[in-house]
Amino acid sequence: MSGNTIGKLFCVTSFGESHGPAIGCVVDGCPPGMELSAEDIQRDLDRRKPGTSRYVTQRRESDTVEILSGVFEGKTTGTPIALLIRNEDQRSKDYSKIMETFRPGHADYVYWQKYGIRDYRGGGRSSARETAVRVAAAAIARKWLHARYGVVIRGFMAQLGPVEIPFKQWDAVDKNPFFAADPDLVPTLEEFMDKLRKSGDSIGAKICVVAEGVPAGWGEPVYDRLDAEIAYAMMSINAVKGVEIGAGFAAVVQKGTEHSDEVTPEGFLSNNAGGILGGISSGQDIVVNIAVKPTSSIRLGRRSIDKTGEPVVVETHGRHDPCVGIRATPIGEAMLALVLMDHALRHRAQNADVVCATPKIPAKAGLEENLASGVPGLQSFAENPEPDEA
Ligand SMILES: C=C(O[C@@H]1CC(C(=O)O)=C[C@@H](OP(=O)(O)O)[C@H]1O)C(=O)O
């Protein structure tokens, strides 16, 4: 395997380059019989696609998905589902200047060292454009997880550069280009981004992704722990430099009496664990934060070298996101969905017959209050929607 496939039972293999004819993926292992249409997938793709506000890349891609296989008479057949998204707005001449040089902070240099050949147009395979196919594949996972278990996966931008964006309400998230959960902060974010764009620089961001309704028991005990695989999946997103589960690095200064989540018959009293204990889901919300680095393609001159090793100053012109984090919320949600889907199937395969006499600890209400008050321990905030089937 050469790093283009994720998952053991729900496997996604992605292909394509930013300026090639198309990008796509093959999703293998989806259970048969689930209704699936292109619209189910398009909804999620539309949340990630470029060109939707002045704060993101101006490349115009409709990101229209075509389902090429694995669906018959509107239902999944259990055979591989091939998804295709044609590239429509490549402007490769923007990249002629970096053909012979390496953008500082970009994958240009390491691709060249590793492969000895590089599709420099739009970053080729290293382009964040590839994340569209993850979102497409994950739309299938999200639909199945919701129908079968009532799992809901949502995310929001928790910080844009120095501006912290405390959680206020889910309703706000899809009503602004930042995926901010506090509508009152949107003007501040707009002002920050307008200034940044004028300066020609870029900025990082923090994204929080939450899965509600995950039953206790998904995950594995050692290397394939659920949190390990979530971290692996999140780190595979272009530009992600850090992952925290639950309290994350805040655990460093906590005492055991603060960190360990006490349990009552009514539910957990906090969620510092981020919904995962010993690598296995506890039934609480799974809470993941990711740090997204600032875009490396900026128009301000930066020192680098050319292919001969001579010093150069690289300026990157063209269409770039001044903050890749702005479009990262649907991508983080997608990666969480892919991991959960894989573990749901793996759990079924080994443990479907397990009967445990101890009642499941309920996931208590309180996510919104906990997020709003900045407490890292989060509880389920909404009643899980009724699953379609038991
Ligand atoms: C096209 C997308 O993002 C692209 C990601 C990207 C990069 O280097 O990662 C560079 C830009 O590509 P181009 O120069 O061809 O416009 C972005 O627009 C997308 O997300 O769909």
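Residues numbered from 1 in each chain as written. Predicted model: local features only at pLDDT ≥ 70, side-chain atom pairs only at ≥ 80, totals over all residues. Heavy atoms only, no water.

A. Here's a closer look at the overall build of the protein. When helices and strands are tallied, the protein shows eight helices and 18 strands. A compact globule built from 390 residues would reach a C-alpha radius of gyration of about 21 Å, and the protein, at 21 Å, matches this within 12%. Seen through its principal axes, the protein has C-alpha atoms that stretch 70 × 50 × 35 Å. Within the protein, buried positions represent 50% of all 390 residues. (Helix = DSSP H or I, 4+ residues; strand = E, 2+ residues; numbered from the N terminus. Rg over C-alpha atoms; globule rule 2.2 N^0.38 Å. Buried < 20%, exposed > 50% of the residue type's maximum accessible area, 1.4 Å probe, protein only.)

B. Main features of the pattern of salt bridges. Evaluation of the coordinates by the stated rule reveals 32 salt bridges. Of the charged contacts in the structure, one is a salt bridge between Glu61 and Arg129, with a shortest N-O distance of 3.5 Å. With Glu61 in the loop between helix 1 (38–48) and strand 4 (65–67) and Arg129 in the loop between helix 2 (108–115) and helix 3 (131–149), this pair connects stretches of sequence that are 68 residues apart. Judged by its relative accessible area of 3%, Glu61 is buried. You can call Arg129 buried: its relative accessible area is 6%. (Salt bridge = Lys/Arg side-chain N within 4 Å of Asp/Glu carboxyl O.)

C. Seen up close, the site of the ligand. The environment of the ligand is made up of 15 residues, and the closest members are His19, Arg48, Arg59, Tyr95 and Arg129. Within the side chain of Thr57, an N or O atom sits 2.8 Å from an oxygen atom of the ligand. Arg59 places a polar side-chain atom, nitrogen or oxygen, 2.6 Å from an oxygen atom of the ligand. Considering the ligand on its own, with 460 Å² of exposed area, one finds that the protein chains cover 95% of that surface. Broken down by class, the residue content of the shell around the ligand amounts to three nonpolar, seven polar and five charged. (Near = heavy atom within 4 Å. Polar contact = N/O pair within 3.5 Å; in protein donor to acceptor, adjacent residues only side chain to side chain. Areas by Shrake-Rupley, 256 points an atom, 1.4 Å probe, with all protein chains shown as cover. Nonpolar A, V, L, I, M, F, W, Y, C, P; charged D, E, K, R; others polar.)

D. Spatial organisation of the sheet that holds strand 7 (residues 81–86). An order of 1-2-3-7-4 is seen for the five strands of this open sheet, with the pairing classed as antiparallel. Unpaired on one side and paired on the other, strand 1 (5–6) and strand 4 mark the two borders of the sheet. Sheet topology places strand 3 (residues 22–28) next to strand 7; six bridges connect them, and they run antiparallel. The residue bridging Cys25 from the neighbouring strand is Leu83, located in strand 7. On the sheet, helix 3 packs against strand 2 (11–16), strand 3 and strand 7 and is oriented at approximately 30° with respect to strand 3. (Pairing = 2+ DSSP bridges. Contact = heavy atoms within 4.5 Å. Axes fitted to C-alpha atoms, helices over the stretch in contact; angles between N-to-C directions.)

E. Local environment of the UniProt feature "binding site: FMN" (unreviewed entry) in the protein. Here, the residues flagged by UniProt with the feature "binding site: FMN" (unreviewed entry) are Arg125, Ser126, Ser127, Asn238, Ala239, Gly278, Lys293, Pro294, Thr295, Ser296, Ser297 and Arg319. These annotated residues cover 195 residues of sequence, and their C-alpha atoms sit far apart, with the largest distance between any two at 43.8 Å. Lining residues of the largest cavity drawn from the annotated set just named are Asn238. Residue placement: Gly278 occurs in the loop between strand 14 (276–277) and strand 15 (280–281). Residue Gly278 is classed as partly exposed on the basis of its relative accessible area of 46%. Among all residues touching Gly278, those that are not within four sequence positions of it are Glu220, Pro221 and Arg225. For Thr295, the residues in contact, after removing those within four places along its chain, are Ser202, Ile203, Asp321, Pro322, Cys323 and Val324. (UniProt positions renumbered as here; feature names shortened; annotations may be inferred. 1 Å grid on protein atoms, 1.4 Å probe; cavity = no way out; pocket = protein on both sides within 12 Å on 5 of 7 lines; lining within 4 Å.)

F. Layout of the nonpolar core. Core analysis: the biggest nonpolar cluster contains 76 residues, and Phe10, Ile140, Ile230, Ile286, Leu336 and Leu340 have the highest contact counts within it. The residues contacting Phe10, other than those within four sequence positions of it, are Val27, Asp28, Gly29, Cys30, Ala137, Ile140, Ala141, Leu338, Met341, Asp342 and Leu345. The next biggest cluster of nonpolar side chains, apart from the first, holds ten residues, and it includes Ala158, Phe167, Val173 and Ala181. (Core = buried A, V, L, I, M, F, W, Y, C linked by side-chain atoms within 4.5 Å.)

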